[in-house]
Amino acid sequence: MTDTIEKLRGELLTAVSDTNDLATLEEVRVAALGKKGRITALMKELGAMTPDERKAAGQRLNVLKDEVAAALDTRKVMFEQAALNARLASESMDVSLPVRPEAKGSIHPISQTIAEIAAIFGEMGFELAEGPDIEDDFHNFTALNFPPGHPAREMHDTFFLPPDGDGNRYLLRTHTSPVQIRTMMSQKPPIRVIIPGRTYRCDYDMTHTPMFHQVELLVIDTESSMAHLRGCLQEFVRTFFGIDDLTTRFRPSFFPFTEPSAEMDIGCSRQGGELKLGNHGDWLEILGCGMVHPNVIKACGLDPDVYQGFAAGMGIERIAMLKYGIPDLRTFFESDLRWLRHYGFAALDVPSVTGGLAR
Ligand code: DAH
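No experiment lies behind these values; they were computed from the predicted model shown. (Residues numbered from 1 in each chain as written. Predicted model: local features only at pLDDT ≥ 70, side-chain atom pairs only at ≥ 80, totals over all residues. Heavy atoms only, no water.)

## Section: the site of the ligand
1) Next: Residues in close proximity to the ligand total 15 residues, the closest being His175, Ser177, Arg201, Gln214 and Glu216.
2) Next: Taking arginine 201, its side chain carries an N or O atom lying 2.8 Å from an oxygen atom of the ligand.
3) Next: Here glutamate 216 contributes a side-chain N or O atom positioned 2.6 Å from an oxygen atom of the ligand.
4) Next: Protein chains shield 91% of the accessible area of the ligand, which is 350 Å² for the free molecule.
5) Next: Taking a 2 Å distance to the grid points as the criterion, the majority of the atoms of the ligand fall inside the largest pocket.
6) Next: For the shell around the ligand, the secondary structure elements donating two or more residues are strand E5 (211-221), strand E9 (282-292) and strand E10 (308-315).
7) Next: Taken together, the residues of the shell around the ligand break down into 5 nonpolar, 8 polar and 2 charged. (Near = heavy atom within 4 Å. Polar contact = N/O pair within 3.5 Å; in protein donor to acceptor, adjacent residues only side chain to side chain. Areas by Shrake-Rupley, 256 points an atom, 1.4 Å probe, with all protein chains shown as cover. 1 Å grid on protein atoms, 1.4 Å probe; cavity = no way out; pocket = protein on both sides within 12 Å on 5 of 7 lines; lining within 4 Å. Sits in = over half its atoms within 2 Å of the grid points. Helix = DSSP H or I, 4+ residues; strand = E, 2+ residues; numbered from the N terminus. Nonpolar A, V, L, I, M, F, W, Y, C, P; charged D, E, K, R; others polar.)

Following this line, the structure appears as C-alpha cells:
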C-alpha cells in the first residue's frame, strides 16, 4: 500500500501542476477525490485490512488527501487571481484621456449652485440632510407652528394629493423647512445641517414656477444666537458672490416657525435699470431666517429650555440668477440645449472654497 500511495502522490501532484485552467483542474479533482476518484477508491480498500494495517494506511491516505486538496486549492486561487487580473486589465479605462471633442453634457446651473452652497457650508462644518418631496400636513405645517386654519397655510399655494383612506392629507412640500422637523426628530443636537431640495407651489409667471428649489439652514445646540446666524449668512453670501466686503441688512419679518424672524438683504445698485451686487446703497432681499421657535423645538421632542438655534431658507434659482445673470426663471426648466450650453458648467469643475467656485 505504501508504494501505491507514494506513486499516486507523485502522479496526482504532477497532474495538478500540469493543469492550465479551472476546468481541467476540476477534472483532476474529481479523478482524485470524487466519488469514483483514485484516493476514494484506496479509502474503500481499508475495510479489508487488519486493524494495524488499516491504521497505518489510513493515516497515510489522509495525509495524501490533505496534500492533494491543498495543491488543488493553491492552483485554483492562482487561476482565479489570473482571471481577475486579466479582466481588470481588459476593462481598465484611462481616466486621464482628454474629453472627447463631441461631448455635449454640462452641469445644470441648479446643480452647480447646490454644489457651491454645499462646499461653502461644508467648510463651516455643516452636513447635508434630505427629506421626501411628498410630505404630510404635520411636517410641512403643524410641527412648524402653523396653527390649523392659519392663513399662512393658504399663502403657500399648496398642491394637495387626494386624501388617502385614513383621511391623511399628503401634499407636495411647499418649502424645505419640513426637513428641519425630520432632522430634529432623528438626530441628537448639536445639529448643523443644510437641506437643499425641490419644493412646489401652485404658481407660474416670470418669477414663479410650480417646482423650484430651496436650501434650508438649521443649527440646534444650547447657545447659538442671532449673532451666529448673521455671521454664517454673511460669510456665505460674501463667498458665494465673491464680494469680500458685501454688506448685509436684517429686517424684522414673520414666519410661524421662527421667533424673532428676519429677512436678510444684500447691498446692490439698480442704476440704469441694471442690477449690480455690492455696497452701492440699495438693498436686495435674499432670504428668510430667524431663531427656531420654541414650539417647533417642542414639537420635535426636544426641550426648548435646553436647546435653541437658528434657521434660514432661500431660493436656489434666485441666487443662481443673481450670480450668473440669468434673467428668466422659467428657462431653468425648459431643457433648451442652447440655454444649457450657454449657462451650463463643465462636468469636472467641482466647486470648492479653496479650489475655486465658479465666477
Ligand atoms: N420656509 C420659508 C419659505 O419657504 C423660508 C424660510 C424662512 C425658512 C425663514 C427658514 C426660515 O428656515 O427661518 O417661505
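Here the narrative resumes, following the displayed structure.
## Let's talk about the pattern of salt bridges
1) Next: Counted by the stated rule, this structure contains 16 salt bridges.
2) Next: We note a salt bridge from aspartate 133 to arginine 173, for which the minimum N-O separation is 3.5 Å. Taken together, the residues span a long stretch of sequence, with aspartate 133 in the loop between strand E1 (127-128) and strand E2 (134-136) and arginine 173 in the loop between strand E3 (170-172) and helix H8 (178-186) at a distance of 40 residues.
3) Next: The exposure class assigned to aspartate 133 is partly exposed, which follows from its relative accessible area of 24%.
4) Next: Since its relative accessible area comes to 2%, arginine 173 is described here as buried.
5) Next: Here aspartate 328 ties to arginine 330 by a salt bridge, and the two come within 3.4 Å at their closest N and O atoms.
6) Next: Looking at aspartate 328, the relative accessible area reads 17%, which means it is buried.
7) Next: Take arginine 330: its relative accessible area is 24%, and that puts it in the partly exposed class.
8) Next: By sharing partners, the salt bridges in this structure join Arg249, Arg251, Glu263 and Asp265 into a single network. (Salt bridge = Lys/Arg side-chain N within 4 Å of Asp/Glu carboxyl O. Buried < 20%, exposed > 50% of the residue type's maximum accessible area, 1.4 Å probe, protein only.)

## Quick notes on the side chain of glutamate 317
1) Next: Within the secondary structure layout, glutamate 317 lies in helix H11 (residues 316-324).
2) Next: No salt bridge is formed by the buried glutamate 317; the nearest opposite charge belongs to arginine 198, separated by 8.1 Å.
3) Next: When neighbours within four sequence positions are excluded, glutamate 317 is seen to be in contact with Ile110, Phe212, His213, Leu329, Phe332 and Phe333. (Lys, Arg positive; Asp, Glu negative; His and termini not counted. Contact = heavy atoms within 4.5 Å.)

## Quick notes on the packing of helix H2 (residues 22-33) against helix H4 (residues 51-90)
1) Next: Following both chains from N to C, one finds H2 and H4 inclined at 170 degrees, their axes separated by 10 Å at the closest point. When the axis of H2 is compared with that of H4, the two are roughly antiparallel. In contact with Leu22, Leu25, Val28, Arg29, Ala32 and Leu33 of H2, H4 contributes Lys65, Val68, Ala69, Leu72, Arg75, Lys76, Phe79 and Glu80.
2) Next: A class-by-class count of the residues in the contact of H2 with H4 yields 9 nonpolar, no polar and 5 charged. (Axes fitted to C-alpha atoms, helices over the stretch in contact; angles between N-to-C directions. Parallel < 35°, antiparallel > 145°, perpendicular 65-115°, else oblique.)

## What to know about the domain arrangement of the protein
1) Next: For the protein, the assigned domains are domain 1 (2-90) and domain 2 (109-343).
2) Next: Distance from the C-alpha centre of domain 1 to the C-alpha centre of domain 2: 69 Å. (Domains from an automatic or database assignment.)

## Things to note about H11
Since the α-helix advances by 3.6 residues per turn, residues separated by three or four positions end up pointing in the same direction.
1) Next: The element H11 is extensively covered by neighbouring structure, given that 7 of its 9 residues are classed as buried.
2) Next: Buried within H11 we find Ile316, Glu317, Ile319, Ala320, Met321, Lys323 and Tyr324.
3) Next: Downstream of H11 by one or two residues, glycine 325 has phi in the positive range, about 65 degrees.

## What to know about the pairing of strand E4 (residues 191-200)
1) Next: Buried residues dominate E4, accounting for 8 of its 10 residues.
2) Next: Pairing analysis gives 2 bridges linking E1 to E4, with the strands arranged parallel. Note that in E4 the partner of glutamate 127 across the bridge is valine 193.
3) Next: Pairing of E4 with E5 involves 10 bridges; the strand directions are antiparallel. The residue of E5 that forms the bridge with valine 193 is leucine 218. (Pairing = 2+ DSSP bridges.)

## Regarding the environment of valine 292
1) Next: Here valine 292 lies in strand E9.
2) Next: Residues valine 292 and leucine 218 lie 74 residues apart in sequence; the distance between their C-alpha atoms is 8.5 Å.

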